[in-house]
Amino acid sequence: MRPPAEPSFETTLLVRDSCLCLHAQRAARALARRFDLALKPAGLTSGQFSLLMSLNRPQPAPLGGVAALLAMDRTTLTANLKPLERRNLLEVLIDPADRRARLLRLTPTGRTTLAAAVPIWRKLHAEIESDLADPDRLRTELNGLGRLAD
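The following refers to the structure shown.

### So, a nonpolar patch on the surface
A cluster of nonpolar residues, Leu132, Leu138, Leu142, Leu145 and Leu148, forms a patch on the protein surface that exposes about 470 Å² of accessible area. Checked against the element boundaries, Leu145 lands in helix H7 (residues 135-146).

In structure tokens form, the structure reads like this:
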């Protein structure tokens, strides 16, 4: 069996110009950098803001549900929780219904931090949306792509 031929430069250009994955990754990194910079005064990154916002609910959230919402595996989520837990922004609780399971809850400090970050997020989010031709359609398309992981 012959090894496959090396990809041509034309293939490189095709991928550069048309690859949905490449374009989504580039856009995600650019957006994350903008939000990271904006949220810095609140002491959060864009990922930390999203994680804390996912915990902003009346009852503690199951770790697995938060991982699914954020499209993260449980190991990655656990690693991302540790610095926030050390900063007393959230707490990890044992689920009384299943002692093997973990629940996540914002602390009062976490709620205060999140409250300080929300106006920053609102302002930048509105600025970004105003530059888009159809933000609702983009959101719908991105949500559709996000379901590919399911």
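From this point on, the discussion continues.
### What about the pattern of salt bridges?
Overall, the coordinates contain seven salt bridges when judged by the stated rule. For Asp17, the salt bridge is made with Arg16, and the minimal N-O distance between the two is 2.7 Å. Looking at Arg16, the relative accessible area reads 44%, which means it is partly exposed. The partner of Arg137 in a salt bridge is Glu141, and the shortest N-O contact between them spans 3.9 Å. Here Arg137 pairs with Glu141, and both are found in helix H7, just four residues apart, close to one helical turn. Salt bridges here are not isolated pairs; linked through shared partners, they connect Glu129, Asp136 and Arg139.

### Examining the packing of aromatic side chains
What describes a pair of aromatic rings is the distance from one ring centre to the other and the angle between the planes of the rings. For the coordinates displayed, the defined rule picks out one aromatic pair. Plain terms: the ring middles of Phe49 and Trp121 are 6.2 Å apart, the flat faces sit at 20° to each other, and that makes the pair stacked. Taken together, the residues span a long stretch of sequence, with Phe49 in helix H3 (residues 46-54) and Trp121 in helix H6 (residues 108-130) at a distance of 72 residues. Classification of Trp121 by relative accessible area gives partly exposed; the value is 28%.

### Focus: the pairing of strand S2 (residues 90-95)
The sheet contact formed by S2 and strand S3 (residues 98-106) spans six bridges and is antiparallel. When the sheet's bridge partners are listed, Asp95 is paired in S3 with Asp98. In sequence, S2 turns back onto S3 through a hairpin of two residues.

### Focus: unusual backbone geometry
Of note, the phi angle at Ala71 is positive, near 55°, even though the residue is not glycine. The residue Ala71 is located in the loop between helix H4 (63-69) and helix H5 (74-86) in this model. The phi dihedral of Asn88 falls on the positive side, at around 60°, and the residue is not glycine. Locating Asn88 in the fold gives a position in the loop between H5 and S2.

### Comments concerning the layout of surface pockets
Considering only enclosed or pocket space, the largest pocket measures out at about 2100 Å³ in volume. The wall of the largest pocket is formed by 39 residues, among which Ala28, Leu31, Ser50, Leu142 and Asn143 lie closest to the centre. Secondary structure elements with two or more residues in the lining of the largest pocket: helix H2 (20-39), H3, H4, H6 and H7. In terms of residues, the lining of the largest pocket owes the most to one element, H2, which gives 12 residues. Among the residues making up the lining of the largest pocket, the classes are represented as 24 nonpolar, nine polar and six charged.

How each quantity is defined
- Residues numbered from 1 in each chain as written.
- Predicted model: local features only at pLDDT ≥ 70, side-chain atom pairs only at ≥ 80, totals over all residues.
- Heavy atoms only, no water.
- Patch = residues over 30% accessible without salt bridge, like charges linked within 9 Å, V, L, I, M, F, W, Y side chains within 5 Å.
- Areas by Shrake-Rupley, 256 points an atom, 1.4 Å probe, with all protein chains shown as cover.
- Salt bridge = Lys/Arg side-chain N within 4 Å of Asp/Glu carboxyl O.
- Helix = DSSP H or I, 4+ residues; strand = E, 2+ residues; numbered from the N terminus.
- Buried < 20%, exposed > 50% of the residue type's maximum accessible area, 1.4 Å probe, protein only.
- Phe/Tyr/Trp six-rings, centres within 6.5 Å; stacked < 30°, edge-to-face > 60°.
- Pairing = 2+ DSSP bridges.
- 1 Å grid on protein atoms, 1.4 Å probe; cavity = no way out; pocket = protein on both sides within 12 Å on 5 of 7 lines; lining within 4 Å.
- Points joined across faces, edges and corners; volume = space filled by probe spheres on them.
- Nonpolar A, V, L, I, M, F, W, Y, C, P; charged D, E, K, R; others polar.

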